[in-house]
Structure formats: structure tokens, C-alpha cells
Amino acid sequence: MRLINTNSLELVEFFAGDIPAYAILSHRWGKEEVTFQDWKSKRTRKAVRHKAGYDKIIRACEKAKEQGLLYIWCDTNCIDKSSSAELSEAINSMWEWYHSSAICYAYLQDRYPKLKESEWFSRGWTLQELIAPSRVIFFSSEWEPLTTKVHGGVLIEKITNIPRNFLLYPESITNASVAKRMSWASRRRTTRVEDNAYCLLGMFGINMPLLYGEGSKAFQRLQEEIIRRSDDASILVWGPDTAASLTHLPLLAPSPICFRSAGNIELVSGPYSGGSNVSLSNRGLNLQ
């Protein structure tokens, strides 16, 4: 895991067991982001100081320093995206990196006066960036603090349809049904189709290889992995996203939007709480 030293701005690599306290940045990607190649030396950093993405990282570093943190992580320049292996490792580790952070800075760069109008709440990747960290501070486009996940919990619950207890206690999301968790992603979008699935890996505790170019098959693979690891049959509680798709429905949902009405699906408790014994094979799905 690479982190930015908030004093020197140098990238420093750490390995499991030796990672210091760090802040982490959550943001929407724009057209002028700074890459790992841009940031890796003083010479290349100097060449990209005019980019909006550069100022965003610097301001985040300043916030971290104000709170006594020597390191910060940002997805734009801390990952070498020219390496498919490194990108795959990072995406599969993303939930844990956000969860292990000392604090997350959610930068709402759109110029809206109201939290609920920010596009940050409509993006796929920011779902785990909201839930996984224990502490989140929301900042305006001018880097003024707006609220925190704790103090703004009631409003954030209304915006996201995520119950407050899951927002405040990330470890508790395993108590939410698969269908309920899918419903949280149903109103969000990603630039690439595959990321509809990849951005949900950590929320379901799934690791799987990334295959950009597979399109909607990525979401099918995610569901298959969930079935292999879980006995929660609520993964089958979905509906067609449009009236035109009422015929020839597949067994597994084609996209998260199909779970839009599944937010009230709860895990069974009591005498029938032992699970549903769901298994998947090349002949289909076996369910008791």
C-alpha cells in the first residue's frame, strides 16, 4: 500500500503489519486527475501543478496534517494503474483500506449548497467509501467542513436509504440481507459497466479477478461468488428494471438496479434462521 507523506509529498510503500495511521480521500473523478506516473517524482509533480486533481490532493494533505496525520491515501496517484495486477489487488483491497483508515475525507466537489444534491451520493464507488470508514468528514467544493457521518447520520440515511446503524457500525452490514445491500447500490452508477460489480466486492467480502471488457458478466460473476459463500437466498429477490424485460428473465439479476425495491428484505430469524442451502453448479441452482 502506497501512502503520501503529508510533509514531503513523497509516495512511501508499506506492507501489511507495518502500515501507519493514515487519512483517506473519497471523491468523484474529474478530467484533470493526477496519476501515479505524474506524482512519483518532484519533476513530474511540478509539471502537473495546474491540474485540478493536484490541488485536491494538496488540500487533502493539509487537512490530514491539521489532524496530526503524517500519511494519506488517494486512489488517483497511489495506485499504478498501468499494472493490471496492482490495479486488481487495489480494488480487491479497497474496502479494507477505507475501513482501516483513521479518517475519511469525502470531498463533494459540485457547487451545491445542500448535501442531498451532491453527485457524490449517486456514484458506485463512493458507496463503500461511505460505509467502510468509521469516521467520515464531508467537505464542500471550497474545502469547508459540512458535517460528519455521525452528526449527519439522519440526513445521510434519508439520502442513501441505508439504515443509520449500518452507516455508523460498518461491521454490522453482514446482518443486512444480500438483497438489502444490493438495494443500496441500485440507485448508483459507474462509468464502466464492470464497475457495477467491482465496486461491491468489499461490501460482500468477495475477492475475484478483474476482467475489464466482460461487461455485465461481471455482475453475474459477483452473484455467483456470493452464492458460493453464503446461504442467503435473498439474492434471488429482484425484479425487472423495465416493463420491457418482463419476459425471459434470467435466474440472476442483470444489474444492481433490479434490487431497487428490495430494501425491506430482512434476514430470517427464529426457527428458520439456519439458512437456505443454496448451491450453484454447471446444471443450475439448487435451493432448499
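Residues numbered from 1 in each chain as written. Predicted model: local features only at pLDDT ≥ 70, side-chain atom pairs only at ≥ 80, totals over all residues. Heavy atoms only, no water.

As annotated in an unreviewed UniProt entry, the chain is HET-domain-containing protein from Hyaloscypha variabilis.

Draft legend 1. Structural context of the pairing of strand S3 (residues 23-26). On S3, burial covers both faces: Ala23 and Leu25 on one face and Ile24 and Ser26 on the other are all buried. Relative to strand S4 (residues 71-73), S3 runs parallel, the two sharing 2 bridges. Bridging from a neighbouring strand, isoleucine 24 pairs with tryptophan 73 of S4. Note: S3 against strand S5 (residues 103-107), 4 bridges, orientation parallel. In the strand pairing of S5, alanine 23 is matched with isoleucine 103. (Buried < 20%, exposed > 50% of the residue type's maximum accessible area, 1.4 Å probe, protein only. Helix = DSSP H or I, 4+ residues; strand = E, 2+ residues; numbered from the N terminus. Pairing = 2+ DSSP bridges.)

Draft legend 2. How the structure looks around helix H8 (residues 178-185). Burial analysis of H8 places 8 of its 8 residues in the buried class, the great majority of the element. Considered for burial, the residues of H8 that qualify are Val178, Ala179, Lys180, Arg181, Met182, Ser183, Trp184 and Ala185.

Draft legend 3. Layout of the layout of surface pockets. As a volume, the largest pocket reaches approximately 590 Å³. Lining the largest pocket we find 21 residues, and of these Trp29, Asp75, Trp125, Thr191 and Asp195 sit closest to its centre. Listed by contribution, the elements that provide at least two residues to the lining of the largest pocket are helix H4 (84-100) and helix H5 (125-131). A class-by-class count of the residues in the lining of the largest pocket yields 7 nonpolar, 5 polar and 9 charged. Domain assignment of the residues forming the lining of the largest pocket places at least three in each of domain 1 (1-175) and domain 2 (176-287). (1 Å grid on protein atoms, 1.4 Å probe; cavity = no way out; pocket = protein on both sides within 12 Å on 5 of 7 lines; lining within 4 Å. Points joined across faces, edges and corners; volume = space filled by probe spheres on them. Nonpolar A, V, L, I, M, F, W, Y, C, P; charged D, E, K, R; others polar. Domains from an automatic or database assignment.)

Draft legend 4. Expanded view of the domain arrangement of the chain. One can read the domain layout of the chain as domain 1 (1-175) and domain 2 (176-287). Between the C-alpha centres of domain 1 and domain 2 the distance comes to 26 Å. If you look at the interface, domain 1 gives 26 residues, while domain 2 gives 25 residues. Here domain 1 and domain 2 share an interface that buries about 2100 Å² over both sides, 54% of which is from carbon and sulfur atoms. Together, Asn92, Trp125 and Leu127 form the three largest contributors to the area buried by domain 1 at its contact with domain 2, with a combined 27%. (Contact = heavy atoms within 4.5 Å. Buried area = accessible area lost by both parts, 1.4 Å probe.)

Draft legend 5. Highlighting the UniProt feature "domain: DUF8212" (unreviewed entry) in the chain. With numbering aligned to this structure, UniProt lists the feature "domain: DUF8212" (unreviewed entry) at residues 217-240. Across residues 217-240, helical content stands at 54% and strand content at 0%; the span's end C-alpha atoms are separated by 17 Å. (UniProt positions renumbered as here; feature names shortened; annotations may be inferred.)

Draft legend 6. Geometry of the environment of alanine 102. As for its placement among the helices and strands, alanine 102 is situated in the loop between H4 and S5. Judged by relative accessible area, alanine 102 falls into the partly exposed class, the value being 28%. For the pair formed by alanine 102 and leucine 69, sequence separation is 33 residues and the distance between their alpha carbons is 8.6 Å. Once residues lying within four places of it in the same chain are set aside, the contact partners of alanine 102 are Tyr22, Leu69 and Arg135.

Draft legend 7. The arrangement of empty space enclosed by the protein in detail. As enumerated under the stated definition, the model contains 1 cavity of 30 Å³ or more in all. Roughly 40 Å³ of volume is contained in the largest cavity. The wall of the largest cavity is formed by Gly124, Leu127, Ala185, Arg188, Thr190, Asn196, Cys199, Leu200 and Pro256. Classifying every residue of the lining of the largest cavity gives 5 nonpolar, 3 polar and 1 charged.

Draft legend 8. Geometry of the pairing of strand S7 (residues 145-148). Inspection of the sheet shows strand S6 (residues 136-139) paired to S7 by 3 bridges, in the antiparallel sense. Residue isoleucine 137 lies in a different strand from S7, and its bridge partner there is threonine 148. If you look at the hairpin formed by S6 and S7, you'll find 5 residues sitting between the two strands, and tryptophan 143 has a positive phi there, around 65 degrees.

Draft legend 9. Molecular detail of the packing of aromatic side chains. With the rule as written, the count across this model stands at 12 aromatic pairs. Judged by centre distance (5.4 Å) and plane angle (40 degrees), the rings of tryptophan 39 and tyrosine 54 are tilted. With a gap of 15 residues between them, tryptophan 39 in helix H1 (residues 36-39) and tyrosine 54 in helix H3 (residues 52-66) connect regions that are remote in the sequence. Accessibility assignment for this pair places tryptophan 39 and tyrosine 54 in one class, buried. Between phenylalanine 121 and phenylalanine 138, the ring centres sit 5.9 Å apart and the planes meet at 25 degrees, which makes this aromatic pair stacked. Of this pair, phenylalanine 121 sits in the loop between S5 and H5 while phenylalanine 138 sits in strand S6, and the two are 17 residues apart along the sequence. For the residue pair phenylalanine 121 and phenylalanine 138, the accessibility class agrees, reading buried in each case. Each member of the aromatic cluster is reached from another via a ring pair, and the members are Tyr105, Tyr107, Phe139 and Trp143. (Phe/Tyr/Trp six-rings, centres within 6.5 Å; stacked < 30°, edge-to-face > 60°.)

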